[in-house]
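If you want the building blocks of each chain, they are given just below.
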There are 2 protein chains.
Amino acid sequence: MRISKLGEFGLLERIKKLMKHKDPLVVKGIGDDCAVIDLDKKRYILFSCDMLIEDVDFRENISPYLIGRKAMGMVLSDVASKGGLPKYTLVSLGLSKNKTLDFVKKIYQGFMYWVKRFNFEIVGGDISRAEKLIIDISVLGFVEKKNLVLRNGAKVNDIIFITGKLGRKDKHLYFLPRIEEGRYLVNNFRINSMIDISDGLLQDLSHILQQSKVGAVLYKNLIPYDKKINFDEVLNQGEEYELLFTLPPKEARRLLSMKRGVYHGIGQIVSSDYGVRLIDENFQERKIKIRGFRHF
Amino acid sequence: MRISKLGEFGLLERIKKLMKHKDPLVVKGIGDDCAVIDLDKKRYILFSCDMLIEDVDFRENISPYLIGRKAMGMVLSDVASKGGLPKYTLVSLGLSKNKTLDFVKKIYQGFMYWVKRFNFEIVGGDISRAEKLIIDISVLGFVEKKNLVLRNGAKVNDIIFITGKLGRKDKHLYFLPRIEEGRYLVNNFRINSMIDISDGLLQDLSHILQQSKVGAVLYKNLIPYDKKINFDEVLNQGEEYELLFTLPPKEARRLLSMKRGVYHGIGQIVSSDYGVRLIDENFQERKIKIRGFRHF
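Just so we're clear, the structure is a prediction, and the values are computed from it rather than from any experiment.

### Observations concerning the overall build of chain A
Argument step 1. Assigned secondary structure in chain A consists of eight helices and 13 strands.
Argument step 2. The globule rule puts the C-alpha radius of gyration for 296 residues at 19 Å, and the 19 Å found for chain A is close to it.
Argument step 3. Expressed as a percentage of the 296 residues in chain A, the buried residues total 50%.
Argument step 4. Long-range contacts, defined here as pairs at least 24 residues apart, represent 84% of the contacts in chain A between residues at least 6 apart.

### Focus on the domain arrangement of chain A
Residue and element names in this part refer to chain A.
Argument step 1. Considered domain by domain, chain A is made up of domain 1 (32–146) and domain 2 (149–286).
Argument step 2. Opposite the 18 residues of domain 1 that make contact, domain 2 presents 18 residues.
Argument step 3. Listed by contribution, the elements that provide at least two residues to the side of domain 1 that touches domain 2 are helix H2 (64–80), strand S4 (85–95) and helix H3 (101–118).
Argument step 4. When residues in the side of domain 1 that touches domain 2 are grouped by element, the largest group, nine residues, is from H2.
Argument step 5. Residues that form the side of domain 1 that touches domain 2 fall into these classes: nine nonpolar, four polar and five charged.

### Structural notes on H2 of chain A
Argument step 1. With 17 residues, H2 of chain A extends 24 Å from end C-alpha to end C-alpha; this agrees with the ideal 24 Å at 1.5 Å per step.
Argument step 2. Of all 17 residues making up H2 of chain A, 15 are buried, and the element is well covered by its neighbours.

### So, the relation of the copies chain B and chain A
Argument step 1. Superposing chain B onto chain A takes a rotation of 180° combined with a translation of 0.0 Å along the rotation axis, leaving an RMSD of 0.0 Å. Taken together, the rotation and translation relating the two chain copies correspond to the operation of a two-fold axis.
Argument step 2. Taken together, the interface assignments show that 100% of the residues at the interface of chain B recur at the interface of chain A, consistent with an identical surface on both copies.

### Details of the sheet that holds strand S5 (residues 121–129) of chain A
All names here are of chain A.
Argument step 1. Read from one edge of the open sheet, six strands run S1-S2-S3-S6-S4-S5, paired in mixed fashion. Across the chains shown, the open sheet's two edge strands, defined by having one partner strand only, are strand S1 (26–28) and S5. Along the sheet, successive strands turn relative to each other by an average axial angle of 20°, direction set aside.
Argument step 2. Here S4 pairs with strand S6 (residues 134–144) via nine bridges, running antiparallel.

### Description of the sheet that holds strand S9 (residues 215–219) of chain B
Residue and element names in this part refer to chain B.
Argument step 1. With respect to topology, seven strands assemble into an open sheet ordered S8-S10-S7-S11-S9-S12-S13, the strand pairing being mixed. Here the strands that pair on one side only, and so sit at the sheet edges, are strand S8 (193–196) and strand S13 (285–286).
Argument step 2. Taken together, the four bridges between strand S7 (residues 159–163) and strand S10 (residues 243–247) define a ladder with antiparallel strand orientation. Across the sheet, the residue bridging to Ile159 is Leu247, located in S10.

### What to know about the confidence of the model for chain A
Argument step 1. The share of residues in chain A with pLDDT of 70 or more is 97%, and the mean pLDDT across the chain is 93.
Argument step 2. Across the whole predicted complex the pTM is 0.94, and at the interface the ipTM reaches 0.94.

### Observations regarding the pairing of S7 of chain B
All names here are of chain B.
Argument step 1. Of all five residues in S7, five are buried, a share of seventy percent or more.
Argument step 2. Residue alternation in S7 divides its side chains into two sets, Ile159, Phe161 and Thr163 and Ile160 and Ile162, and both sets are buried.
Argument step 3. As paired strands, S7 and strand S11 (residues 263–270) are joined by five bridges and run antiparallel to one another. Along S11, the bridge assignment pairs Ile160 with Gly267.

### Focus: the interface of chain B and chain A
Argument step 1. Listed per partner, the contact involves 58 residues of chain B and 58 residues of chain A.
Argument step 2. Those elements that provide at least two residues to the side of chain B that touches chain A are helix H1 (3–18), strand S2 (35–38), strand S3 (43–53), strand S4 (85–95), helix H3 (101–118), strand S5 (121–129) and strand S6 (134–144) of chain B.
Argument step 3. Broken down by class, the residue content of the side of chain B that touches chain A amounts to 30 nonpolar, 13 polar and 15 charged.

### Looking at the environment of Glu285 of chain B
Residue and element names in this part refer to chain B.
Argument step 1. With respect to the helices, strands and loops of the structure, Glu285 is situated in strand S13.
Argument step 2. Under the C-beta neighbour-count criterion, Glu285 is labelled exposed, with 10 such atoms within 10 Å.
Argument step 3. Between the C-alpha atoms of Glu285 and Leu218, which are 67 residues apart in sequence, the distance is 9.7 Å.
Argument step 4. Leaving out residues up to four positions away in the same chain, Glu285 has contacts with Arg277 and Ile279.

### Some remarks on the environment of Ile160 of chain B
All names here are of chain B.
Argument step 1. With respect to the helices and strands, the residue Ile160 is situated in strand S7.
Argument step 2. For the pair Ile160 and Leu247, spaced 87 residues apart in sequence, the C-alpha to C-alpha distance is 7.0 Å.
Argument step 3. Ignoring sequence-local partners within four residues, the contact set of Ile160 consists of Ala216, Thr246, Gly265, Ile266, Gly267, Gln268 and Ile269.

### Things to note about the nonpolar core
Argument step 1. In this structure, Phe47, Ile135 and Ile137 of chain A together with Phe47, Ile135 and Ile137 of chain B are the most contacted members of the largest nonpolar core, which totals 176 residues.
Argument step 2. Among residues more than four places away in sequence, those in contact with Phe47 of chain B are Tyr88, Leu90, Val123, Gly124 and Leu140 of chain A together with Cys34, Ala35, Ile37 and Leu140 of chain B.

### Examining the packing of helix H2 (residues 64–80) of chain B against H3 of chain B
All names here are of chain B.
Argument step 1. Packing of H2 against H3 leaves a shortest axis separation of 7 Å and a crossing angle of 40°. In terms of orientation, H2 and H3 fall into the oblique class. Where H2 crosses over H3, the two elements pack in a sense that is right-handed. Two secondary-structure elements touch here, H2 through Pro64, Tyr65, Leu66, Ile67, Gly68, Arg69, Met72, Gly73 and Leu76 and H3 through Phe103, Lys106, Ile107, Tyr108, Gln109, Gly110, Phe111, Tyr113, Trp114 and Phe118.

### Points about the packing of H3 of chain A against H1 of chain B
Argument step 1. At a minimum axis separation of 10 Å, H3 of chain A and H1 of chain B run at an interaxial angle of 30°. By the angle between their axes, H3 of chain A is roughly parallel relative to H1 of chain B. Crossing of H3 of chain A against H1 of chain B: the hand is right-handed. Contact residues: Leu101, Val104, Lys105 and Tyr108 of chain A in H3 of chain A; Ile3, Leu6, Leu11, Arg14, Ile15 and Leu18 of chain B in H1 of chain B.
Argument step 2. Per-class residue counts for the contact of H3 of chain A with H1 of chain B are eight nonpolar, no polar and two charged.

### Notes on the environment of Leu185 of chain A
Residues and elements named next belong to chain A.
Argument step 1. The topology assignment puts Leu185 in helix H5 (residues 179–188).
Argument step 2. The class for Leu185 is buried, based on 25 C-beta atoms found within 10 Å.
Argument step 3. C-alpha separation for the pair Leu185 and Tyr263, spaced 78 residues apart in sequence, amounts to 9.9 Å.
Argument step 4. Setting aside chain neighbours within four positions, we find Leu185 in contact with Gly83, Ile191 and Phe245.

### Quick word on helix H1 (residues 3–18) of chain A
Argument step 1. Its 16 residues give H1 of chain A an end-to-end C-alpha distance of only 16 Å, which falls more than 12% under 22 Å, the value for a rise of 1.5 Å per residue.
Argument step 2. For H1 of chain A, the principal kink sits at Phe9 of chain A and spans about 75°.
Argument step 3. Looking only at H1 of chain A, the buried set comprises Ile3, Leu11 and Ile15 of chain A.
Argument step 4. Against S4, H3 and S5 of chain B lie the buried residues of H1 of chain A.

What counts, and where the lines are drawn
Residues numbered from 1 in each chain as written. Chains lettered and ligands numbered in written order. Predicted model: local features only at pLDDT ≥ 70, side-chain atom pairs only at ≥ 80, totals over all residues. Helix = DSSP H or I, 4+ residues; strand = E, 2+ residues; numbered from the N terminus. Rg over C-alpha atoms; globule rule 2.2 N^0.38 Å. Buried ≥ 20, exposed ≤ 12 C-beta atoms within 10 Å, placed from the backbone. Contact = placed C-beta atoms within 7 Å. Domains from an automatic or database assignment. Nonpolar A, V, L, I, M, F, W, Y, C, P; charged D, E, K, R; others polar. Expected span 1.5 Å × (residues − 1). Least-squares fit on C-alpha atoms with pLDDT ≥ 70 in both. Pairing = 2+ DSSP bridges. Axes fitted to C-alpha atoms, helices over the stretch in contact; angles between N-to-C directions. pLDDT = per-residue confidence, 0-100. Core = buried A, V, L, I, M, F, W, Y, C linked by C-beta atoms within 7 Å. Parallel < 35°, antiparallel > 145°, perpendicular 65-115°, else oblique. Left-handed = near helix turned anticlockwise from the far one by under 90°. Bend = angle between axes of the 7 residues up to and from the residue.

Quick look at the structure:
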């Protein structure tokens, strides 16, 4: 069977079946934003990687600085979505022969933009020759045991929130990994589930719903988005790197009372029988098709 | 300046200069086989990654099983060379659309060959579309503080050893990551420096010499290699994945008295004034040019 038929998530499911985690310290293996490993009494290790490839994830004409910033930002977003702090990263670079030292430096300046902001380190990596530019970054982060949030903890009645505004122009290049927001949330609220919107709002919501065995109702009027963009696009376009999270109604009210602006309630978790429903501006229910970003 | 002019190591030096490790827990950043991070009273974290790219590191006609085995074996070898044990890995895969599920499964079977043998886990990764097959694996390992060996600890008079025999046919596919040998060495002997021979005997020896600020004398007659191969090739060809290590003469004699067969003394560490010298079968000194494997 061709992988183009299976799709990325189908392929991931098959790969998952090949693995059996025997090590009791592996709290979460394949199937969340980060692997979660039991470290000591107080902390888990978060371990994740993201690969960017020229002509697939970006075009050649994007500046190396922005590509570097994006590549590093993506993997930081994984750590943010588990409530953790990034600490150490490795960078694998695939470079064509004709690239200049200046080009490589600019990629690293993109990395360093986040290194300075979030106070972590690049501790090593690998360099290889390649026809197309490849950047694969892996990250080691840490989260207090009491603060870890996975995809599988959403509960019926939880309010669904997102950070920021969806569909903003060039967001795939200029996003902010929500490290600080993730920390604020897990340090101050009982967050039941969280994910970053790297594959699109509906796709990533559906990961939470599947793993938590629940359904959801979304309200179009509550979803903040750039009105220049078609709403259907907003629901399905990937690379937003905002956080999507759920928390009990009482906690949600407390969060809103903080008036932080960046957190927007967009719907509610319901029983799995309901599936996913979208209520539009006329309070009409709309059927939802989940497309999301497809790699294959 | 083109990176083809700088070469891999020149480029690495430049990248290293862009980084300043502020975190006191980073014991070793860029410039060894693994990054080394202080974890707790007893242990360091080892963190490393290796990237393989079709048509650069292997040809398309190599079986996916062997490619998977090789990719995972490379990164295990990094951990072996620091005396550590691998525990958790992430796999980033770049795949073209027309690949089959069976193809991907075979790559994973290659990974699992080592997973079973060395008792570690694949805990996650990333999948992306790519024109050429790309495999980038990062590993988290651990080593007891008393057992860590770096590249920079070689001392004058140390005896230089390698594991195994160099230049064996298809060694770049069928090598054994020397995890068990590495552990045996650090658990039982005072090893002053160690590296894996991924870039060629001379190239990797020179990393130890530079970082330890010493020189070396090698004896051609002592270097075990496949006689079908030109000796000059043996000195310079990469992807051997044997360990190269140094230890004091007394410890070296004790190691040899164990008669384990796999450990071969090939020379001695001398003052840096001597540079690197090779004594051939007629006890003639030969000048040595270090070529090693060049990515660019």
